[in-house]
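Breakdown of the fold
Listed below, chain by chain, are the residues.
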Amino acid sequence: MQAKGRVFKYGDNVDTDVIIPARYLAIADPKELAEHCMEDIDKEFVHKVQPGDIMVANKNFGCGSSREHAPLVIKVSGVSCVIAETFARIFYRNAINIGLPIIECPEAAKDIQDGDEVEVDFDSGIIYNRTTGKQYQGQAFPEFMQKIIKAEGLINYINEQ
Amino acid sequence: MGMTMTQKILAAHAGLSEVKAGQLIEAQLDLVLGNDITTPVAIREMGKLKKQEVFDKDKIALVMDHFIPNKDIKSAENCKCVREFACRQEITNYFDVGEMGIEHALLPEKGLTVAGDCIIGADSHTCTYGALGAFSTGVGSTDMAAGMATGKAWFKVPSAIRFNLVGKPSKWVSGKDVILHIIGMIGVDGALYKSMEFTGEGVANLSMDDRFTIANMAIEAGGKNGIFPVDEKAKAYMAEHSSRPYTVYEADPDAEYDAEYTIDLSALKSTVAFPHLPENTRTFDEIPGGMEIDQVVIGSCTNGRMDDLRAAAEILKGRKVKKGLRCIVIPGTQKIYMDAMEEGLLKTFIEAGAVVSTPTCGPCLGGYMGILAAGERCVSTTNRNFVGRMGHVDSEVYLASPAVAAASAVTGRISQPSELGL
């Protein structure tokens with residue numbers, strides 16, 4: 001499984017309230033909800049994002065609320081992978097459970113810049129920055145979590161048991 | 001090697017004699033919680049499972065609290081979806097308008113959470129029940145769906161940070177100041193993936209309401225859970241509120257901690273978290289004078305309990321909310337509302353010029369009941385001050401205790417009670 005795309009770069013502590021503000025949480029349709037993804041810190045995101053693009057951020061990405069709407073709107077926006085120095089734990093769980101690929105890699109999170117073209121190989125955890133030619137080793141998931149990711153989420157995984 | 005209090009609860013619920021930090025386990029759940037924002041998504045996900053029935057209709061709690069009484073058509077439809085699910089599945093603990101409260105104030109009050117429990121909730125502040133010596137943690141809607149169907153959840157066993165509390169807090173210093181101080185010290189990711197275990201002789205000097213506030217905000221330091229030892233105060237609380245049997249777990253003397261801090265409660269001062277992170281804490285010697293504000297909110301799952309309302313009322317008694325400032329008081333549950341009424345607290349608030357609302361999460365997450373305009377500033381007893389949290393992206397939220405919020409409501413500036421001669 002691979003991801004390839006252009007990078008949207010953000011900083012530390014990107015919280016779930018800026019990923020999807022609570023004023024939109026009553027919206028049930030994921031596509032309609034995704035129209036507001038990141039709007040409080042990056043109004044251009046929804047207009048610029050292309051299928052396959054990659055989000056890169058620094059520490060504690062997805063902190064705050066447990067709303068699963070946050071990884072969901074990122075996924076529905078077309079983002080193929082989120083790379084961060086660290087993820088907040090509920091976001092981490094939610095991303096795995098809904099099948100949004102995420103990967104922790106402090107070096108890549110620090111180096112990669114907005115607009116870079118990046119490739120990620122999930123099986124090996126290797127992140128390659130095509131713009132700079134630099135390669136990074138991201139943290140691989142434990143086997144149990146890989147099974148959930150391969151099943152494309154917890155619900156499918158349970159159904160397969 | 002010994003286990004922490006959290007590790008012991010997880011081991012018992014995984015049917016293991018021992019667990020280690022980092023180990024992946026599957027644990028049996030005593031309670032699965034959801035609200036009107038997260039449950040509709042969980043119901044949708046549960047619809048994709050082969051198993052369509054809940055594992056135990058008595059071990060699921062559905063609390064309509066974020067946007068109710070419904071603020072608009074979409075939130076009404078969300079509640080309707082949950083109401084029909086609760087009816088269809090015969091959920092015992094479904095709480096709607098008239099019975100509801102803010103979930104984390106309501107469930108302990110109803111006796112649904114006790115020491116030794118293993119609880120997940122599709123709400124990040126589910127960590128509140130650690131005040132009673134339970135393991136409880138926030139998850140998303142898919143985990144909630146899986147938990148409702150199977151009665152189980154997967155966990156990575158957390159390592160822990162120990163906070164040794166000593167001393168007694170001074171008059172206007174509350175649990176909110178304790179937890180804001182800790183978050184300021186370790187940062188919003190200072191306890192990422194870890195348990196925050198509170199111990200020490202100072203625990204006895206904290207009321208149960210203070211402990212709920214402290215455990216509630218463990219998530220604001222990135223924590224998986226916050227947990228307190230089960231002492232006489234906790235046992236008395238459970239005896240008053242619950243008929244469920246409970247189990248007391250204690251950390252082993254040789255349990256390992258990633259870090260240990262000693263907090264002298266007697267040295268703490270009123271603390272305010274400035275925008276836009278709960279870690280941006282300042283005490284009043286670091287706060288510029290004359291910081292004018294537009295609104296005060298006293299309530300939420302963090303600070304909507306009786307101790308909180310009593311502290312605010314003690315300050316507002318015989319005083320007036322500053323002209324031009326909105327002061328919104330939100331009791332956490334119907335029982336707290338009633339108790340506050342019988343104690344005369346609501347009269348005090350109304351006479352002071354505050355408004356009193358039915359229980360709701362409302363303004364805390366910028367839902368309704370006190371949304372801020374661009375450039376406005378609010379002192380709030382809630383738990384998050386992120387960009388746009390309470391309304392416009394250019395508004396500001398300052399997190400503080402009920403005492404500081406009430407004093408600020410009187411002066412119209414960010415103030416502590418001593419400015420009123422208290």
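Cut-off values and rules
Residues numbered from 1 in each chain as written. Chains lettered and ligands numbered in written order. Predicted model: local features only at pLDDT ≥ 70, side-chain atom pairs only at ≥ 80, totals over all residues. Helix = DSSP H or I, 4+ residues; strand = E, 2+ residues; numbered from the N terminus. Rg over C-alpha atoms; globule rule 2.2 N^0.38 Å. Buried ≥ 20, exposed ≤ 12 C-beta atoms within 10 Å, placed from the backbone. Contact = placed C-beta atoms within 7 Å. Nonpolar A, V, L, I, M, F, W, Y, C, P; charged D, E, K, R; others polar. Pairing = 2+ DSSP bridges. Axes fitted to C-alpha atoms, helices over the stretch in contact; angles between N-to-C directions. pLDDT = per-residue confidence, 0-100. Core = buried A, V, L, I, M, F, W, Y, C linked by C-beta atoms within 7 Å.

**Notes on the overall build of chain B**
- Along the backbone of chain B there are 13 helices and 18 strands.
- For a compact globule of 422 residues, the expected C-alpha radius of gyration is about 22 Å, and chain B comes in at 20 Å, within 12% of that figure.
- Considering only C-alpha atoms, chain B reaches an extent of 60 × 50 × 40 Å along its principal axes.
- Per-residue burial over chain B gives 60% buried out of 422 residues.
- Sequence-distant contacts in chain B: of pairs separated by 6 or more residues, those separated by 24 or more amount to 77%.

**As for the interface of chain A and chain B**
- Taken together, the contact between chain A and chain B spans 36 residues of the former and 42 residues of the latter.
- For the side of chain A that touches chain B, the elements supplying multiple residues, two or more each, are α1 (16-19), α5 (89-98) and α8 (154-160) of chain A.
- Its residues assigned to classes, the side of chain A that touches chain B shows 17 nonpolar, 10 polar and 9 charged.

**Quick notes on the sheet that holds strand β5 (residues 118-121) of chain B**
Residues and elements named next belong to chain B.
- Taken in spatial order, the 5 strands of this open sheet run β4-β3-β2-β5-β6, and their pairing is parallel. Of all the strands in the sheet, just β4 (93-95) and β6 (135-138) have a single pairing partner and so form its edges. This sheet shows a mean twist of 15° between the axes of neighbouring strands, independent of strand direction.
- Relative to strand β3 (residues 60-63), strand β2 (residues 31-35) is paired through 4 bridges, and the arrangement is parallel. When the bridges of β3 are listed, N35 appears paired with V63.

**Re α5(A)**
Residues and elements named next belong to chain A.
- Counting buried positions along α5 gives 10 out of 10 residues, so the element sits mostly inside the fold.
- Residues of α5 that are buried: R89, I90, F91, Y92, R93, N94, A95, I96, N97 and I98.
- Positive backbone phi, approximately 80°, marks G99, located one or two places after α5.

**Some remarks on the confidence of the model for chain B**
- Here chain B averages 98 in pLDDT, and 100% of its residues register 70 or above.
- Here the complex is predicted with pTM 0.97, and the ipTM for its interfaces comes to 0.95.

**Quick look at the nonpolar core**
- The biggest cluster of nonpolar side chains holds 200 residues, and the ones touching the most others in it are I83(A) and L10(B).
- Every residue in contact with I83(A), bar those within four places of it in the chain, is listed here: I54(A), V56(A), I103(A), C105(A), A108(A), A109(A), I127(A) and G138(A).

**Topic: the pairing of β5(B)**
Residue and element names in this part refer to chain B.
- Burial along β5 is two-sided: C118 and I120 facing one way and I119 and G121 facing the other are all buried.
- Sheet analysis places β2 next to β5, joined by 3 bridges and oriented parallel. Its bridge partner lying in β5, L33 is registered against G121.
- Relative to β6, β5 runs parallel, the two being bridged by 4 bridges. Note that in β6 the partner of G121 across the bridge is G138.

**Side note on unusual backbone geometry**
- The omega torsion across I68(B) and P69(B) is -5°, close enough to zero to call that bond cis.
- Along the polypeptide, P69(B) turns up in the loop between β3 and α3 (73-88).
- For the bond running from P275(B) to H276(B), omega is 0°, close enough to zero to count as cis.
- A positive phi is found at E152(A), a non-glycine position, where the angle reads about 60°.
- The topology assignment puts E152(A) in the loop between α7 (143-150) and α8.
- Overall, E152(A) belongs to the exposed group, with 11 C-beta atoms counted inside 10 Å.
- Even without being glycine, S300(B) reaches a positive phi, approximately 90°.
- Looking at the secondary structure, you find S300(B) in helix α9 (residues 300-303).

**A short note on the sheet that holds strand β6 (residues 126-129) of chain A**
Residue and element names in this part refer to chain A.
- Taken together, 7 strands build an open sheet; the order of strands is β4-β3-β2-β1-β5-β6-β7 and the sheet is mixed. Bordering the open sheet on either side are β4 (102-104) and β7 (135-137), each of which pairs with just one other strand. Direction aside, neighbouring strands of the sheet carry axes that sit 25° apart on average.
- With 5 bridges joining them, strand β1 (residues 2-9) and strand β5 (residues 117-121) adopt antiparallel strand pairing. Paired with G5 across the bridge in β5 is V118.

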